[in-house]
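Take a look at the letters that make up each chain.
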Amino acid sequence: QYSRLSKQYGMDIYLKKEFLQYTGSVKERGVLYLLMSLPQEQQRKGVIVASDSNFSMAVAYHASELRIPAFVIVPTSTAPARVRTCREFGAMVISYGTAAKDSQVHARRLAQENAYLYLEEEDSAVYLSGLGTVGLEMYEQVPKLDAVIFPAGGHCGLLAGSAAALKHLNPHISVIGVESESFPVLQQSLKAGHPADDQACNNHHFYGDVSGVCFGSNSLQLTGKLVDKVVTVREEDILISMLRLLEYERATVDAEGAIGLAALVAGKLPELKGKRVAVVICSGNLELHLLQQCIARALTLDNRVSRFSLVISDCPGDMSKLLEILAREEARVLDIKQERTFVTPELFTVEVICTVETRDKIHTAQLRNALLERYPTTAWTER
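A quick note: this is a predicted structure, and the numbers were derived from the prediction, not measured. (Residues numbered from 1 in each chain as written. Predicted model: local features only at pLDDT ≥ 70, side-chain atom pairs only at ≥ 80, totals over all residues. Heavy atoms only, no water.)

A. Representation of the overall build of the protein in the model. The helix and strand tally for the protein stands at 16 helices and 13 strands. Looking at the protein as a whole, 52% of its 383 residues qualify as buried. Taking all contacts inside the protein whose residues are at least 6 apart in sequence as the whole, residues at least 24 apart take part in 73%. Carbon and sulfur atoms provide 50% of the accessible area of the protein, an area that totals close to 18700 Å². (Helix = DSSP H or I, 4+ residues; strand = E, 2+ residues; numbered from the N terminus. Buried < 20%, exposed > 50% of the residue type's maximum accessible area, 1.4 Å probe, protein only. Contact = heavy atoms within 4.5 Å. Areas by Shrake-Rupley, 256 points an atom, 1.4 Å probe, with all protein chains shown as cover.)

B. Inspection of the packing of aromatic side chains at higher detail. Counted according to the given criterion, the structure contains 7 aromatic pairs. Consider the rings of Tyr22 and Phe89, whose centres lie 5.8 Å apart with planes at 50 degrees: the pair is tilted. Here Tyr22 is found in the loop between strand S1 (12-17) and helix H2 (27-36), whereas its partner Phe89 is found in helix H5 (residues 80-89), with 67 residues between them in sequence. Relative to Tyr116, the ring of Phe71 lies with its centre 4.4 Å away and its plane at 25 degrees, an arrangement referred to as stacked. Of this pair, Phe71 sits in strand S3 (residues 70-74) while Tyr116 is found in the loop between helix H6 (100-114) and strand S5 (117-118), placing the two residues 45 residues apart along the sequence. Of the two residues, Phe71 and Tyr116, both sit in the buried class. Members of the aromatic cluster, joined through ring pairs, are Tyr22, Tyr61 and Phe89. (Phe/Tyr/Trp six-rings, centres within 6.5 Å; stacked < 30°, edge-to-face > 60°.)

C. Representation of the layout of surface pockets in the model. A volume near 360 Å³ is recorded for the second largest pocket. Lining the second largest pocket are 14 residues; nearest its centre among them are Val305, Ser306, Arg307, Thr381 and Arg383. A total of 4 residues in the lining of the second largest pocket trace back to one element, the largest contributor, which is helix H16 (residues 361-374). Within the lining of the second largest pocket, the residues separate by chemical class into 3 nonpolar, 6 polar and 5 charged. (1 Å grid on protein atoms, 1.4 Å probe; cavity = no way out; pocket = protein on both sides within 12 Å on 5 of 7 lines; lining within 4 Å. Points joined across faces, edges and corners; volume = space filled by probe spheres on them. Nonpolar A, V, L, I, M, F, W, Y, C, P; charged D, E, K, R; others polar.)

D. Highlighting the packing of helix H12 (residues 235-249) against helix H13 (residues 255-265). Two elements in contact, H12 and H13, have axes separated by 7 Å at closest approach and are oriented at 100 degrees. As summarised for this structure, H12 and H13 are arranged roughly perpendicular, according to the angle between their axes. From H12, Asp237, Ile238, Ile240, Ser241, Met242 and Leu245 reach across to H13, where they touch Ala255, Ala258, Ile259, Leu261, Ala262 and Val265. Of the residues contributing to the contact of H12 with H13, the split by class is 10 nonpolar, 1 polar and 1 charged. (Axes fitted to C-alpha atoms, helices over the stretch in contact; angles between N-to-C directions. Parallel < 35°, antiparallel > 145°, perpendicular 65-115°, else oblique.)

E. Inspection of the pairing of S1 at higher detail. Extensive coverage of S1 is indicated by the burial of 5 of its 6 residues. Direction of pairing for S1 relative to strand S9 (residues 276-281): parallel, over a ladder of 6 bridges. By the bridge assignment, Lys17 is partnered in S9 with Ile281. (Pairing = 2+ DSSP bridges.)

Set out below in structure tokens:
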């Protein structure tokens, strides 16, 4: 779909909205092809996975649709919403162990005892081919593409599989991968010539597969051969990208889904100005408590929510004068607190701590100037 963000970033942007898949993730493509390729005897016996990832949810859904028995083993710390979702998709979900490794060991044991096929996300030709259908569709749906942007990171199967399809159809299309600046797993793996295994992300609930360990040599080989460029973006850029997609596209996505657009938000690809660019929005499975935090932080980073403190006289009318200035400057007050006891040695004064919402960076600067003119000691909380 053509994006409303195109004018803002000076290029024709087309969004491949894979987060609209039934399970909220592009992983469905690879999983469906993988399950359909299994021998009938194995389909009858069933499959088992051990994680709470998008891959497992895709297995739960498509196995049920294909009438393949599916078992999902997850750690006891898994979010209840994830467990409920996998069960609703039709899988038998078992909570076991406190860590992912415990669940994997248990799943392998059950697979051996019951002749289930143990599945884990890998870079087999079948799985990469399923993911690569994204590249085929983008080529068919957007004529005269100049560049395509994909999430990268450790699990770069989508990037590798789609690059294979796109470069076969048109070698002149630029294929670009984007990963986190904090966890440049793919760049380090490409530099080393083999999958890096020493990267771990403490904030994995936010980053998802983008920060995972590089999982396969096939994906790495295809990426090194076919991908034109891999860039990194900051966490701040990802959050702003999530905010832009929510506002302009009504798209609620996670970090993995927003990271491709983040490269354009951060200005990391100036060579694409005036070009026709497709961006894959691959995942929208952000936990609700994280969504709230991400939006609040993004509004602050975008200079639309600010906090300041100032000291005024604790006399009738002084607070109303402050509120008059805020009203005149059209700032929306989100929160206001008063501290009288522990802030200043001066008697009969009060510290006011105020959180306000503004339209943009220019509006925030206007408000700051108006407050400083009336209250020279106003202190603004840095982002």
